[in-house]
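Chain residues, written in single-letter form:
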Amino acid sequence: MSLLSRFFKRPEPVALPSLEELFQERELPMEIPGLEPFLDVFEHLHAEERVRWADAVAELHRHQWPFPPSWIDAQFEVIPEIVPTWRAEREQRYFRPVIEGLSERIRVFDQVLPTAWLALWDVSLEDVMERALDHLRAKSKGKSFERLPSGIYRSTYGDGLDAARILLPELWSGLFPTQNTFVAIPCEDQLLVAPQVLLPKLVDAIGQALAAPTSERVQSVILQYVNQKLLAANLQDPHPIAQPQRELRQNDILEAYRAQESDLDSTLGVPTPMSLLKTSQGRSVSMALWVEGQPALVPECDSIGFISKKGQPLGVYFRQTLPRIPELKGTSVDIWGPRRQRYEGFPTLEQLERLEAFATPEQMAQMFKNTTPAKPAPPKASAGLTAPPVTGGSSPVPQHLRGQSLGMQSED
C-alpha cells in the first residue's frame with residue numbers, strides 16, 4: 001500500500017492568494033472603478049494566474065489605462081493594424097515587430113490592446129490575434145485593387161485598414177504573376193503594389209500619398225515579397241531605385257526623430273535638428289546641426305554640422321568619426337524609437353580637425369541664409385561645391401558615403 005500511495009497520492013493543495021493580499025503587495029486600492037466585471041474571472045484562476053491577473057490590474061492602474069470591454073463583446077471587434085515600430089514603442093501597448101520598422105498591434109473597437117487586457121479576459125494572445133486576422137480577412141471579401149494610369153495597383157477597401165492587409169499576402173501577391181512583387185504602405189488607407197519594372201512609378205505614388213496624406217503616415221520604404229516573406233527591398237547600387245529607396249528610408253527615420261523631440265526631457269539638452277543633403281554625386285546624406293552652448297541630444301545620422309556660440313559655421317563632419325574625440329563622451333538617451341547620444345561638451349577647433357570632413361566651414365556658410373544660432377534655417381546648399389574626399393581603408397565612414405562631396409539639398 002505504501003508503494004501504491006506514492007503514485008496515487010494527490011499533491012497538497014496550494015493556498016490561493018487572496019485579492020486583498022495581491023492588492024496590498026502592489027499598493028492598489030481595494031475599490032477600483034471598472035474592475036467589478038472581472039472579479040468573477042479572478043475567482044476561477046489558479047495561483048500563478050491570479051498573480052498575472054493582479055499584475056495586469058496594477059499595470060492598467062499605473063498607466064491610467066481603461067479596463068477592457070467584456071470579452072463576449074470584444075471578440076467580435078478585434079482587428080489588426082500596422083504602425084511604425086517607433087510609434088508602437090511610444091504608446092506602450094501590445095505590439096509585435098513583423099517587418100523592419102513596422103509592427104503589428106490589435107485594435108478593440110477604437111482602442112489599442114494593452115497586454116494587460118488578456119489576463120483580465122483570461123484568453124491567450126494567439127487566440128486574439130487569430131480572431132483579428134480572420135476579421136480582417138472577412139472585411140476584405142468582395143473588394144480588390146484599382147489599376148492606376150501608371151500601371152501600379154492601389155487598394156480600394158475604403159475602411160482605413162489597407163496597410164494592415166500586408167498581413168494577408170493572398171490578397172495582393174498574385175496581382176503580377178511570374179514577376180517580383182513590391183509593395184508600399186505610405187499611409188493607413190493605402191496599399192500600393194507594383195512589379196519591378198514599375199518601381200519608378202511606385203516611388204512617385206509613395207511621394208504623392210505622403211504629400212497629401214488622407215490618414216496616419218505609416219512607412220515610405222519599399223517592401224518586397226520574396227519566398228512568401230515580406231522584407232524591406234534590398235536595392236543596392238547601381239540599381240536605379242537604390243538612391244530613392246535610401247531617401248525613403250532616411251525620411252522614415254527623420255519622421256521618427258521629429259516625433260521623438262516632443263517627448264525628450266528638456267532638462268537633458270537640446271535635440272539637434274536634422275535634414276537631408278544631396279551630394280554632387282546624387283546621394284542623400286542626413287545631417288544634424290549641433291550648436292555650441294548647451295548639452296546636445298545627437299541622433300544617429302550620417303554627418304554633423306557644427307555651429308559656434310556666435311553662429312559661425314565650423315564645418316560638416318561625418319558622425320561615424322566622432323569617437324576620434326575621446327574627450328567628448330556621449331551617453332545614451334533613455335527614450336523610445338531611434339537612438340540618441342547626449343553630449344555636454346562641444347569640440348574645439350583642434351578636435352574637429354581629427355574628424356573626416358564632408359564640407360568646410362566656408363561651404364557650410366553658403367548653405368545658410370538668414371539663420372540664427374538658436375534656430376538654424378533649413379540648409380540650402382549651393383551646386384558645384386566640393387568637399388575633401390574621404391579616403392583610407394580604415395575609415396569608419398560607411399562605404400556608400402566615402403568620397404562624397406556636398407551638392408544640392410534634398411527637397412525632403
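Here's what I pulled together on the structure shown here. Every value quoted in this text rests on a predicted model; they were computed, and no experiment measured them.

**What about the overall build of the protein chain?**
A tally of helices and strands in the protein chain yields 12 helices and 20 strands. Looking at the protein chain as a whole, 47% of its 412 residues qualify as buried. Considering only residue pairs separated by 6 or more positions, the protein chain has 61% of its internal contacts joining residues 24 or more positions apart. As displayed, the protein chain offers around 21,600 Å² of accessible surface, 51% of which is attributable to carbon and sulfur atoms.

**Examining the pairing of strand β9 (residues 223–226)**
In terms of strand pairing, strand β7 (residues 181–184) meets β9 through three bridges, oriented antiparallel. In the sheet register, V183 faces β9, and the bridge partner there is L223. The sheet contact formed by β9 and strand β10 (residues 229–232) spans four bridges and is antiparallel. In the sheet register, Y225 faces β10, and the bridge partner there is L230. In this antiparallel pair of consecutive strands, β9 and β10, the connection spans two residues, and N227 shows a positive phi of 50°.

**Comments concerning the sheet that holds strand β11 (residues 270–271)**
Read across the sheet, four strands follow the order β11-β14-β18-β17 without closing on themselves; strand pairing throughout is mixed. The open sheet has two edge strands with one neighbour each: β11 and β17 (331–332). The pairing of β17 with strand β18 (residues 340–343) spans two bridges and is antiparallel. Bridging across to β18, S332 finds its partner in Q341.

**Quick word on the sheet that holds β10**
Pairing within the open sheet is antiparallel, and its six strands lie in the order β5-β6-β8-β7-β9-β10. The open sheet has two free edges, formed respectively by β5 (145–147) and β10, since each of these has just one partner strand. Mean inter-strand twist for the sheet, computed between neighbouring axes without regard to direction, equals 30°. Sheet strands touched by helix α9 (residues 199–211): β7 and β8 (192–195). Its angle to β8, the strand with the most contacts, is close to 160°.

**Structural notes on the pairing of β7**
Taking every second residue as pointing to the same face, both faces of β7 are buried, with T181 and V183 on one and F182 and A184 on the other. As defined by bridge partners, β7 adjoins β8 across four bridges and the pair is classed as antiparallel. Its bridge partner being in β8, F182 is matched across the sheet by A194.

Parameters at a glance
Position numbers for residues start from 1 in each chain and track the written sequence from start to end. Whole-chain, interface and lining totals are the exception, using all residues; otherwise, since this is a predicted model, local features are given only for residues with pLDDT of at least 70 and side-chain atom pairs are given and counted only at 80 or more. Derived side-chain values reflect all non-hydrogen atoms in the structure, with water molecules and hydrogen atoms excluded from consideration. Under the scheme used here, helices are H or I runs from DSSP no shorter than 4 residues and strands are E runs no shorter than 2 residues, and both carry numbers assigned from the N terminus. Partly exposed residues are those whose accessible area sits between 20% and 50% of the maximum for their type, while under 20% is buried and over 50% is exposed, using a 1.4 Å probe and protein chains only. We call two residues in contact when some of their heavy atoms are within 4.5 Å. All accessible areas in this document rest on Shrake-Rupley with a 1.4 Å probe, and a residue is counted as covered only by the protein chains that are shown. In this description, strands pair whenever DSSP reports at least two bridges between them. Orientation is described by axes fitted as lines to C-alpha atoms, over the contacting stretch for helices, and by angles from 0 to 180 degrees between their N-to-C directions.

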